[in-house]
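# Breakdown of the fold
Each chain is listed here by its residues.
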Amino acid sequence: NLSIGGRNLALNTSSSYSDPFTSFDGGTNKGASITKVLTDGLSVGDTITIRLIYKYDNIVATDGQIAQAWTQGDGNVTYWNTGSFFSSAKKTLSGSGEIEFLYNGIINSEHLKNEYWNTQIRHEYVASGSVQWKMFKVEKGNRATDWTPAPEDTNNIINDAIKDLPTI
């Protein structure tokens, strides 16, 4: 039952680490926005694979708590209801390190009410430190493939280059 996609549905991603996110105060629901993920080309019953590389530096947990992070997202139509983006398992953070978020979800009719999801990394009980991410990819299929930009991102680069060419 191997199913491999390849097209990145996540817009404006990179193989380089993001700028550091440091807006922590020890509380809950501290979201670092990742990007929009399109639902274009998905059908009910499709499996999607989500992959993200996440680096954390000098993470200190709130006293008496465990610092955690996970991916999640709301739909542009369904918001945080049943059509929201698939949440990952929670990862425990302490000190410095690098982890991979890698998981699957199965598309239902509620997901397809959205044109896109606004995705983020949610943090709980991080008193201080910084986090960064790279190679965010959401693709149809049940196996992750190497990171590639979304076709829309490549098209934008080409169009920007063409508009700067002299006209003949």
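Going by the structure above, here's the rest.
So, a few notes on the structure that sits alongside this text. (Residues numbered from 1 in each chain as written. Predicted model: local features only at pLDDT ≥ 70, side-chain atom pairs only at ≥ 80, totals over all residues. Heavy atoms only, no water.)

### Overview of the packing of aromatic side chains
- Scanning the entire structure with this criterion turns up six aromatic pairs.
- For the pair tyrosine 54 and tyrosine 56, a centre-to-centre distance of 6.3 Å together with 35° between the ring planes defines the contact as tilted. The burial state of tyrosine 54 is the same as that of tyrosine 56; both residues are buried.
- Every member of this aromatic cluster is reached through a ring pair, and the members are Tyr54, Tyr56 and Phe101.
- Over the ring of tryptophan 70 we find lysine 90, and its NZ or CZ is 4.5 Å from the ring centre. (Phe/Tyr/Trp six-rings, centres within 6.5 Å; stacked < 30°, edge-to-face > 60°. Buried < 20%, exposed > 50% of the residue type's maximum accessible area, 1.4 Å probe, protein only. Lys NZ or Arg CZ within 6 Å of the ring centre and 35° of its normal.)

### Things to note about the pairing of strand 3 (residues 68-75)
- Along strand 3, eight of the eight residues are buried, which leaves the element largely enclosed by surrounding structure.
- Sheet topology places strand 3 next to strand 4 (residues 91-92); two bridges connect them, and they run antiparallel. If you follow glutamine 68 over to strand 4, its bridge partner there is threonine 92.
- Sheet topology note: the strand 3/strand 6 (residues 116-124) ladder contains eight bridges and is antiparallel. In the strand pairing of strand 6, aspartate 74 is matched with asparagine 118. (Helix = DSSP H or I, 4+ residues; strand = E, 2+ residues; numbered from the N terminus. Pairing = 2+ DSSP bridges.)

### Digging into the sheet that holds strand 5 (residues 95-106)
- Taken together, the three strands give an open sheet; going across it, the order is 5-2-7, and neighbouring strands pair in antiparallel fashion. Looking at which strands have only one partner, the edges of the open sheet turn out to be strand 5 and strand 7 (126-140). Taking the axes of each pair of neighbouring strands and ignoring which way they run, one obtains an average angle of 20° across the sheet.
- Pairing of strand 2 (residues 47-61) with strand 7, which is carried by eleven bridges, proceeds in the antiparallel orientation. Residue pairing for strand 7: tyrosine 54 is matched across the bridge by tryptophan 133. (Axes fitted to C-alpha atoms, helices over the stretch in contact; angles between N-to-C directions.)

### Digging into the environment of lysine 134
- Along the chain, lysine 134 turns up in strand 7.
- Counting along the chain gives 120 residues from lysine 134 to serine 14, while the straight-line C-alpha distance between them is 5.8 Å.
- Excluding residues that lie within four positions of it along the chain, lysine 134 makes contacts with Ser14, Ser15, Ser16, Tyr17, Leu52 and Ile53. (Contact = heavy atoms within 4.5 Å.)

### Brief notes about the nonpolar core
- Formed by 30 residues in total, the largest nonpolar core has its most connected members in Tyr54, Leu93, Phe136 and Val138.
- Elements supplying a minimum of two residues to this core: strand 1 (30-38), strand 2, strand 5, strand 6 and strand 7.
- Top contributing element to this core by residue count: strand 2, with six residues.
- In contact with phenylalanine 136, other than residues within four places in its own chain, are Asn8, Ala10, Thr13, Ile34, Thr35, Val37, Ile50, Arg51, Leu52, Phe85, Thr119 and Trp147. (Core = buried A, V, L, I, M, F, W, Y, C linked by side-chain atoms within 4.5 Å.)

### Concerning the side chain of threonine 49
- Relative to the elements of secondary structure, threonine 49 occurs in strand 2.
- A distance of 3.4 Å separates a polar atom in the side chain of threonine 49 from the backbone nitrogen of arginine 143.
- Not counting chain neighbours up to four residues away, the residues in contact with threonine 49 comprise Leu102, Tyr103, Asn104, Lys137, Val138, Glu139, Gly141, Asn142, Arg143 and Ala144. (Polar contact = N/O pair within 3.5 Å; in protein donor to acceptor, adjacent residues only side chain to side chain.)

In short, geometric facts, not functional conclusions.
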